[in-house]
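An overview of the molecular structure
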Amino acid sequence: MKRGRTFAVGTVVAMLAAGCSVKESPAPSGFPTSEAPLTGDLTFFAYEDAFEPALLDPFEAANPDVSVRTAAFSSADETITKLQSGFVADVVNVCVEDTGRMVASGLLQPIDTTRIANWDRMFPAFRELDGVAVDGQVYLVPMVGGTSGIMYNEDAIPDGVTSYADAFSEEFAGRIGLDDDPLTGVAVAAMALGIQDPLNLTEDQLAQVKAFLIEKKPLLRALFKGDSDVSQLFGAGEIDIAIPGYKGSTETLQGEGLPAAFSLASEGQLTWTCGYSIGANAANVDAAYALISHYSQPETQAWQAENFFYLVSNQDTLEAVSPEIVETAGLADPGSFQNAVPYAVPSNYDEWVAVWREFKSA
């Protein structure tokens, strides 16, 4: 689950660090089942990491009469475009800043939280995020979150990179990768320029960002889409810096023996949260609820914490991971988020898309 973005980080991290000693009544394990076994096709539309066998295989094994069809995307804009074109998805991977525009476009249906196992075991800070509910109705079950920064090759850059401004330096010409996403790309460029509110840009500020991006374009080696692109580019030695980078990607590359390192940008951190929604025209709603409930289980979320180093929404997951994972994933470091900038889609997002289009065509 790539970015996903807004979240009450201070509250969540404090709860994680405390180990969440106060607990509500235990919720039933597993996910709700109907009297009859689940059957039929289930279309699962998500970022590619959601389809990891360790995550999806247990659901398929428990529901042998359900045929799960997976389709991956690399950005929210791609998701919206495909759904608007008529693609029917039962479960959709959604990030909190995108829920509102997807609901306004009629792409999602309200969620009955009584059908979501572990809903009551989720940190209140996750359940109460803007974007989980729209106009008083829940449309998104939040699952994981994290923060962005800068990933770099510590062999090639032993002194590290600690700011977005420095990451766009001439010193790294031809070795820089930038996320091919208008929201992220424009926001980090604004932060590199020292703009204090990077998600609320005036017309003049957008003009500054466009000029900055076009000026820096010759320094870029590649525009990437998703974690797999970053891993391939970094592993092949084509880039030494990823803007932005993520803790989980860094740890994955380190596990492969690559000299990846991660730093928080001094200008601030873009924080994200993603989860799952049910498509407006879902054909297998019962199976959709079951799949979302499966991903809310501590066992499923623990694997994501251990392998992707995500923050997780189910407080019971903390009992299923080691103290080392809590430390490695940064769950016990409230200071990591002191300059947090929650992702949100700006009201003039169309202008952001236009800026990004002009930058790419320059």
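Rules and cut-offs
- Residues numbered from 1 in each chain as written.
- Predicted model: local features only at pLDDT ≥ 70, side-chain atom pairs only at ≥ 80, totals over all residues.
- Heavy atoms only, no water.
- Salt bridge = Lys/Arg side-chain N within 4 Å of Asp/Glu carboxyl O.
- Buried < 20%, exposed > 50% of the residue type's maximum accessible area, 1.4 Å probe, protein only.
- Helix = DSSP H or I, 4+ residues; strand = E, 2+ residues; numbered from the N terminus.
- Phe/Tyr/Trp six-rings, centres within 6.5 Å; stacked < 30°, edge-to-face > 60°.
- Disulfide = S-S within 2.5 Å.

1. Focus on the pattern of salt bridges
Close approach of charged atoms allows side chains of opposite charge to pair. Taken as a whole and assessed by the stated rule, the structure comprises 11 salt bridges. A salt bridge links D98 to R101; the shortest N-O distance between them is 3.0 Å. Overall, the relative accessible area of 24% leaves R101 in the partly exposed class. The partner of R121 in a salt bridge is D316, with the nearest N and O atoms 2.7 Å apart. With a gap of 195 residues between them, R121 in the loop between β4 (108-109) and α5 (124-127) and D316 in the loop between β13 (311-312) and α13 (323-328) connect regions that are remote in the sequence. Each of D77, D98 and R101 takes part in a single network of salt bridges with overlapping partners.

2. Digging into the environment of E60
The residue E60 is located in helix α2 (residues 53-62) in this model. When the C-alpha atoms of E60 and L291 are compared, they prove to be 9.3 Å apart, with 231 residues separating the residues in sequence.

3. Points about the packing of aromatic side chains
Across all of its chains, the model carries 13 aromatic pairs by this definition. Ring centres of Y276 and Y295 lie 5.2 Å apart, and the angle between their planes is 65 degrees; on these two criteria the pair is classed as edge-to-face. Here Y276, found in strand β12 (residues 269-279), pairs with Y295, found in helix α11 (residues 285-295); they are 19 residues apart in sequence, far enough to count as distant. The same class applies to Y276 as to Y295, namely buried. Centre to centre, the rings of W356 and F359 are 4.8 Å apart; their planes meet at 50 degrees, and the pair counts as tilted. Of the two residues, W356 and F359 are both situated in helix α14 (residues 349-361); the distance of 3 residues between them amounts to about one turn of the helix. Across this residue pair, the class does not change: W356 and F359 are buried. Pairwise contacts between aromatic rings join F44, F51, Y276 and Y295 into one cluster.

4. As for the state of the cysteines
The tally for this structure, following the rule as stated, stands at 1 disulfide. Across the disulfide, C95 is cross-linked to C274 (sulfur-sulfur distance 2.1 Å). An S-S torsion of about 70 degrees defines the bridge between C95 and C274 as right-handed. Remark: C274 occurs in strand β12 and C95 occurs in strand β3 (residues 91-95); sequence separation between them is 179 residues. Given a relative accessible area of 2%, C95 falls into the buried group.

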